[in-house]
Amino acid sequence: LAVRREEHVVLLAERAGVRIELDEQERSQVSIRKRLLDLHEAVAAWFQQALARAADAEEARRYLRDRQLDGEAARRFRIGWAPGDGDSLIRWAGRSGWSLELLKTAGLLVDTESGLRDRFRRRVMFPICDEQGRPIAFSGRILPSDDSPAKYVNSPETPLFQKGRVLYALHLARRRILETRRALLCEGQIDALRCHLVGIETAVAAQGTAVTTDHARTLKRYADEVVIMLDADAAGQAAAVRTAQTLLREDLAVSVAVLPAGEDPDSLIVREGVEAITRVIEGAVPVVDFMVQTAAARGALRTDAD
């Protein structure tokens, strides 16, 4: 938190034309963050170029076309490609003058028995941005033809990225959330992305983790109410209740929008259009009502005590 506070002080001072003095440790911390921000910006651009030009990206380009995530969608969300040979990023860093130590600090390289390797290999890449829209981490998705046990691989925690604090697409959503005082919380990054593509501009998503107190406090800065939109199955219902409890503790009003069985926001929008997802959101119920309904549906309200 101290590092983030120092960076914000520097940013505000620059905007106001005020000169501030930092001690040596503070200057070092701010300098590391600045270099990491510059690195992530450069790597995001390189991933984008690889998606457009790399020979082994053809299946990724076809996958994005099939998912309707090519063209303007890919440009808007800076979708890219991590080549599959395992050292493309290392070779790029050597050509571009970036130190491998800085790439390790950024979580972009991993130590293996055969030496340093790219963390992201043969994956469709989604930059994760901070509230100012600057890339601070990446999420890599496997292609359908691959058999990796991990569908998504995210950057590890770094001086820039703590997954329990960052909400995907908040940099795009925060202005509209402030205007409406209402946020739409999705389960997955592509779900939030798809919502933005069809004009639902309050959508955000957690980074493959449970919603944390820090997430809730971040949302509280912009919103008074959060609509949770999760899967209709038992796991989705349980996750909605856990998420709601975290949000309620931060004095946020919470409602739950229940998706049709077997659908997520992305699939529902692609199949039935924005009208279908709008009906789901408009049908959101207060979380206490939702908890009573789901308890009744599983037969858990048989007595007055229940």
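Reading guide: rules and limits
- Throughout, residues of each chain are indexed from 1 in the direction in which the sequence is written.
- Totals for whole chains, interfaces and linings use all residues, but because this is a predicted model, local features are given only for residues with pLDDT of at least 70 and pairs of side-chain atoms are given and counted only at 80 or more.
- To get the side-chain values, take all heavy atoms of the structure and skip hydrogens and water.
- Only runs of H or I of at least four residues qualify as helices and only runs of E of at least two qualify as strands under DSSP, and these elements are numbered from the N terminus.
- In this treatment the radius of gyration is a C-alpha quantity, and the globule benchmark scales as 2.2 Å times the residue count to the 0.38 power.
- Only protein chains enter the accessibility calculation, which uses a 1.4 Å probe; a residue whose area is less than 20% of its type maximum is buried, one above 50% is exposed, and one in between is partly exposed.
- Note on definitions: a residue-residue contact is assigned when non-hydrogen atoms from the two residues lie within 4.5 Å.
- His is not counted, nor are the chain ends; Lys and Arg add positive charge and Asp and Glu add negative charge.
- Every charge is mapped to an atom, namely NZ of Lys, CZ of Arg, CG of Asp or CD of Glu.
- Here, two cysteine sulfur atoms that lie within 2.5 Å of each other are counted as a disulfide.
- Strands qualify as paired when DSSP identifies two bridges or more between them.
- To define axes, lines are fitted to C-alpha atoms, for helices over the stretch in contact only, and angles between the resulting N-to-C directions are given on a 0 to 180 degree scale.
- For Phe, Tyr and Trp, where Trp contributes only its six-membered ring, two rings pair if their centres lie within 6.5 Å, and the inter-plane angle classes them as stacked under 30 degrees, edge-to-face over 60, or tilted in between.
- As used here, the term nonpolar core means buried Ala, Val, Leu, Ile, Met, Phe, Trp, Tyr and Cys residues forming a set that is joined through side-chain atoms within 4.5 Å.

Novice: What's the story with the overall build of the chain in this structure? I'm lost.
Specialist: Within the chain one finds 13 helices and 12 strands. A compact globule built from 306 residues would reach a C-alpha radius of gyration of about 19 Å, and the chain, at 21 Å, matches this within 12%. Expressed as lengths along the three principal axes of its C-alpha atoms, the size of the chain is roughly 70 × 50 × 35 Å. Considering the chain as a whole, with its 306 residues, one finds that 45% of them fall into the buried category. Excluding contacts between residues fewer than 6 apart, the proportion of contacts in the chain whose partners are at least 24 apart in sequence is 68%. Counting 44 positive and 46 negative side-chain charges, the chain places the centres of these two groups 3 Å from one another.

Novice: Mind showing me how you'd approach the state of the cysteines here?
Specialist: Joining two cysteines, a disulfide is a covalent bond between their sulfur atoms. For the structure shown, the criterion picks out zero disulfides. The thiol of Cys129 is unpaired, and the distance to the nearest cysteine sulfur, on Cys186, comes to 17 Å. Classification of Cys186 by relative accessible area gives buried; the value is 3%.

Novice: Explain the side chain of His215 to me, please; I cannot follow it from the model alone.
Specialist: Mapped onto the fold, His215 is located in helix α9 (residues 213-222). Judged by relative accessible area, His215 falls into the buried class, the value being 0%. Setting aside residues no more than four positions away along its own chain, His215 makes contact with Lys163, Gly164, Arg165, Val166, Leu167, Ala206, Thr209 and Ala210.

Novice: Is there a simple way to explain the environment of Leu247 in this structure?
Specialist: Its place among the elements puts Leu247 in helix α10 (residues 234-249). Looking at Leu247, the relative accessible area reads 0%, which means it is buried. Counting along the chain gives 36 residues from Leu247 to Val211, while the straight-line C-alpha distance between them is 8.3 Å. Those residues within four positions of Leu247 in sequence are excluded, and the remaining contacts are Leu185, Val211, Ala216, Leu219, Val226, Ile228, Leu252 and Val254.

Novice: Explain the sheet that holds strand β5 (residues 135-141) to me, please; I cannot follow it from the model alone.
Specialist: Hydrogen bonding along the main chain pairs the strands of a sheet, whether they run parallel or antiparallel. Reading across from one edge, β1-β4-β5-β6 is the order of the four strands in this open sheet, with antiparallel pairing throughout. Unpaired on one side and paired on the other, β1 (80-82) and β6 (152-154) mark the two borders of the sheet. The sheet shows a mean angle of 35° between the axes of neighbouring strands, taken without regard to direction. Two strands pair when backbone bridges link them, and strand β4 (residues 123-129) and β5 are joined in this way by six bridges, in the antiparallel orientation. Residue pairing in the sheet places Phe126 in a bridge with Ser139 of β5.

Novice: I tried to follow the packing of aromatic side chains on my own but got confused; where do I start?
Specialist: Any pair of aromatic rings gets described here by the distance separating the centres and the angle formed by the planes. A full pass over the atoms with the stated rule returns three aromatic pairs. Consider the rings of Trp46 and Trp92, whose centres lie 5.9 Å apart with planes at 35°: the pair is tilted. Residue Trp46 is found in helix α2 (residues 24-53), and its partner Trp92 is found in helix α5 (residues 88-96); the two are separated by 46 residues along the sequence. The class of Trp46 is buried, set by a relative accessible area of 11%. For Trp92, a relative accessible area of 9% puts it in the buried group. Cluster of aromatic residues (ring-pair linked, three or more members): Trp46, Phe47, Trp92 and Phe138.

Novice: What should I look at first to understand the nonpolar core in this one?
Specialist: The nonpolar side chains of a soluble globular protein tend to be buried, and buried together. Ile79, Trp81, Val124, Leu184 and Met229 are the most contacted members of the largest nonpolar core, which has 36 residues in total. If sequence neighbours within four positions are ignored, Met229 has contacts with Leu184, Leu185, Cys186, Glu187, Cys195, Ala257, Leu259, Pro265, Ile277, Val280 and Ile281.

Novice: I keep staring at the sheet that holds strand β11 (residues 253-258) and nothing clicks. Help me out?
Specialist: Pairing is mixed in the open sheet, where six strands are placed in the order β7-β9-β8-β10-β11-β12. What marks the edges here is a single partner per strand, and that holds for β7 (167-168) and β12 (285-286). Judged from the two bridges that link them, β11 and β12 form a sheet pairing that is antiparallel. Bridged to Val256 within β12 is Val285. Strands β7, β8 (182-186), β9 (203-206) and β10 (225-230) of the sheet are contacted by helix α8 (residues 189-197), whose axis makes an angle of about 170° with β9.

Novice: Before we go on, may I ask you to explain the pairing of β9 in this structure?
Specialist: Along any regular strand, the residues point their side chains to alternate faces of the sheet. Along β9, one buried face is formed by Ala203 and Ala205 and the opposite face, lined by Val204 and Ala206, is buried too. Bridge analysis of β7 against β9 gives two bridges, and the strand direction is antiparallel. Bridge assignment links Tyr168 to a residue of β9, and that residue is Ala205. One ladder, built from three bridges, connects β8 with β9; its direction is parallel. Residue pairing for β9: Leu185 is matched across the bridge by Val204.

By themselves these figures say nothing about function.
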